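# Results of the structural survey
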Amino acid sequence: MPNAKINNSKNIIFIGGVHGVGKGHICQIIKSYVNIIHLTASEVLKWRDISATDNKLVQNISETQDLLIVNLEKIVEKDKQYLLDGHYCLLNKNGDSEKVPFKTFENLNLSKIVIVFEDAKTIKQRLEIRDGKKYNLNQITHFQNMEMNYAREISQKLNLPLLKIQSSNYDQKTLIKFIDENTIRH
């Protein structure tokens, strides 16, 4: 179980939100303005190797997050900037929303965090189109509220700057300025 921080340079910005909120799209916009490497937690975990790609349930959240840290230690270089997109909360093996262990965020040694949110009906629509199955609106609403509250808690406990943005209605200049501080422009 990893206990050490990934590195001491605080060169990872975490961008989180529920499945289907639009994190990937926002990360692509950021990359077009800022010299930053975009990683997804799923790619770093090699999710395809440990679960079906359409499976949103995590069998053991602590073990999965420990694997995330171990794999990131192999990837992250001190002289580069990273944008890691993932989740503040996950769906456990029973389908219930559960906070990612706080130690994960401590070990990531983050410089700042972003929480992306959207209208739950919009998220439901996006997920149903993308995944070809039905989703529960109340569960999406609960999951998103839990993510937003936990992002605030992490920000406060780790004394990290937090930016809250709605994926369909945000000021791009504010987002880029928040991300770009202390990073190198193209």
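Bear in mind the structure is a predicted one, so any value in this text is a computation, not a measurement.

Bringing the overall build of the protein chain into the picture now. The number of helices and strands found in the protein chain is 8 helices and 10 strands. In the protein chain, which comprises 186 residues, the share counted as buried stands at 49%. Counted over contacts in the protein chain with a minimum sequence separation of 6, partners at least 24 positions apart contribute 81%. Summed over its atoms, the accessible surface of the protein chain is roughly 9,700 Å², and 47% of this surface lies on carbon and sulfur atoms.

Next up on the list: the side chain of S97. Topologically, S97 is positioned in strand β7 (residues 97-99). Once residues within four sequence positions are removed from consideration, S97 is found in contact with L90, L91, H142, F143 and M146.

It is worth spelling out unusual backbone geometry at this point. The phi angle at N109 is positive, at roughly 55 degrees, despite the residue not being glycine. With respect to the secondary-structure elements, N109 resides in the loop between α5 (102-108) and β8 (110-117). Although it is not a glycine, N159 sits at a positive phi angle of roughly 55 degrees. Mapped onto the elements, N159 comes out in the loop between α7 (137-157) and β9 (162-166). Assessed through its relative accessible area of 68%, N159 is described here as exposed.

Now for the sheet that holds strand β1 (residues 12-16). If you walk across this open sheet you meet the 5 strands as β3-β5-β1-β8-β9, and the pairing is parallel. Every interior strand has two partners, whereas the edge strands, β3 (37-40) and β9, have only one. Strand-to-strand twist across the sheet, computed as the mean angle between neighbouring axes with direction ignored, equals 20 degrees. Along the sheet, α7 contacts β1, β8 and β9; its crossing angle with β8, the most-contacted strand, is approximately 160 degrees.

Turning our eyes to something else, we now look at the packing of helix α1 (residues 23-33) against helix α8 (residues 172-180). Closest axis-to-axis distance for the α1/α8 pair is 10 Å, and the angle between their directions is 70 degrees. When the axes of α1 and α8 are compared, the pair comes out roughly perpendicular. Both α1 and α8 take part in a crossing whose hand is right-handed. When α1 is examined against α8, the residues I26, I29, I30 and Y33 are found in contact with a partner set consisting of Q172, L175, I176 and I179. Residue composition of the contact of α1 with α8, by class: 7 nonpolar, 1 polar and no charged.

This paragraph deals with α1. For α1, the full list of buried residues reads K23, I26, C27, I29 and I30. Along the long axis of α1, the arc covered by the buried residues comes to 160 degrees, so they all point the same way.

Thresholds, definitions, all that
- Residues numbered from 1 in each chain as written.
- Predicted model: local features only at pLDDT ≥ 70, side-chain atom pairs only at ≥ 80, totals over all residues.
- Heavy atoms only, no water.
- Helix = DSSP H or I, 4+ residues; strand = E, 2+ residues; numbered from the N terminus.
- Buried < 20%, exposed > 50% of the residue type's maximum accessible area, 1.4 Å probe, protein only.
- Contact = heavy atoms within 4.5 Å.
- Areas by Shrake-Rupley, 256 points an atom, 1.4 Å probe, with all protein chains shown as cover.
- Pairing = 2+ DSSP bridges.
- Axes fitted to C-alpha atoms, helices over the stretch in contact; angles between N-to-C directions.
- Parallel < 35°, antiparallel > 145°, perpendicular 65-115°, else oblique.
- Left-handed = near helix turned anticlockwise from the far one by under 90°.
- Nonpolar A, V, L, I, M, F, W, Y, C, P; charged D, E, K, R; others polar.
- Arc of directions from axis to C-beta.

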